[in-house]
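What the coordinates show
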Amino acid sequence: MSIDEWAAVVGMAGAALTGVATLVKLWIINPFSTRIDELNGNFSTLNTALSKSQIEIDELNKHLSQHDVTLATHGEQIHTLFNKKDK
């Protein structure tokens, strides 16, 4: 084979590989990239929702702690009233 024939074979092989690479990119990589971008957006939305939920849970815990203190205070006041009644 002459150098011209080898150049032609290399050129055709390069063109075929370029075509296959383009098809792989169009049919496989681009759809996956789109799905991954959508998934990242969904995770971002989920993280935002979880942060808001955690803030609300912290607020509820704070209110619950305040109610516990109030209940304990009322319990002591009731106990004191019953002790005064018995004397």
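In case you missed it, the structure is sitting above this.
Read on for an overview of the structure. Note that the structure is a prediction, hence the values are computed from the model and not measured. (Residues numbered from 1 in each chain as written. Predicted model: local features only at pLDDT ≥ 70, side-chain atom pairs only at ≥ 80, totals over all residues. Heavy atoms only, no water.)

This paragraph deals with the overall build of the protein chain. Each helix and strand counted, the protein chain has one helix and zero strands in total. Taking 12 Å as the expected radius of gyration for a compact globule of 87 residues, we find that the protein chain reaches 36 Å, considerably beyond that expectation. Over its C-alpha atoms, taken along the principal directions, the protein chain stretches across nearly 120 × 20 × 10 Å. In the protein chain, which comprises 87 residues, the share counted as buried stands at 0%. As presented, the protein chain carries roughly 7900 Å² of accessible surface, and 66% of it is formed by carbon and sulfur atoms. Across the protein chain, 7 positive and 10 negative side-chain charges occur, with their mean positions spaced 19 Å apart. (Helix = DSSP H or I, 4+ residues; strand = E, 2+ residues; numbered from the N terminus. Rg over C-alpha atoms; globule rule 2.2 N^0.38 Å. Buried < 20%, exposed > 50% of the residue type's maximum accessible area, 1.4 Å probe, protein only. Areas by Shrake-Rupley, 256 points an atom, 1.4 Å probe, with all protein chains shown as cover. Lys, Arg positive; Asp, Glu negative; His and termini not counted. Charge placed at Lys NZ, Arg CZ, Asp CG, Glu CD.)

On to a nonpolar patch on the surface. There is a patch of nonpolar side chains on the surface, built from Val20, Leu23, Val24, Leu26, Trp27, Ile28, Ile29, Phe32 and Ile36 and spanning about 890 Å² of accessible area. What makes tryptophan 27 exposed here is its relative accessible area of 64%. (Patch = residues over 30% accessible without salt bridge, like charges linked within 9 Å, V, L, I, M, F, W, Y side chains within 5 Å. Salt bridge = Lys/Arg side-chain N within 4 Å of Asp/Glu carboxyl O.)

A complete count under the given rule lists one salt bridge for this structure. Salt-bridge contacts for glutamate 38 lead to arginine 35; the nearest nitrogen and oxygen are separated by 3.5 Å. Linking glutamate 38 with arginine 35, this pair stays in helix 1 (residues 3-86), spanning three residues, or about one helical turn. Using a relative accessible area of 42% as the deciding quantity, one classes glutamate 38 as partly exposed. Of the residues examined, arginine 35 reaches a relative accessible area of 58% and is grouped as exposed.

The quantities given are spatial measurements derived from coordinates; they are silent on function.
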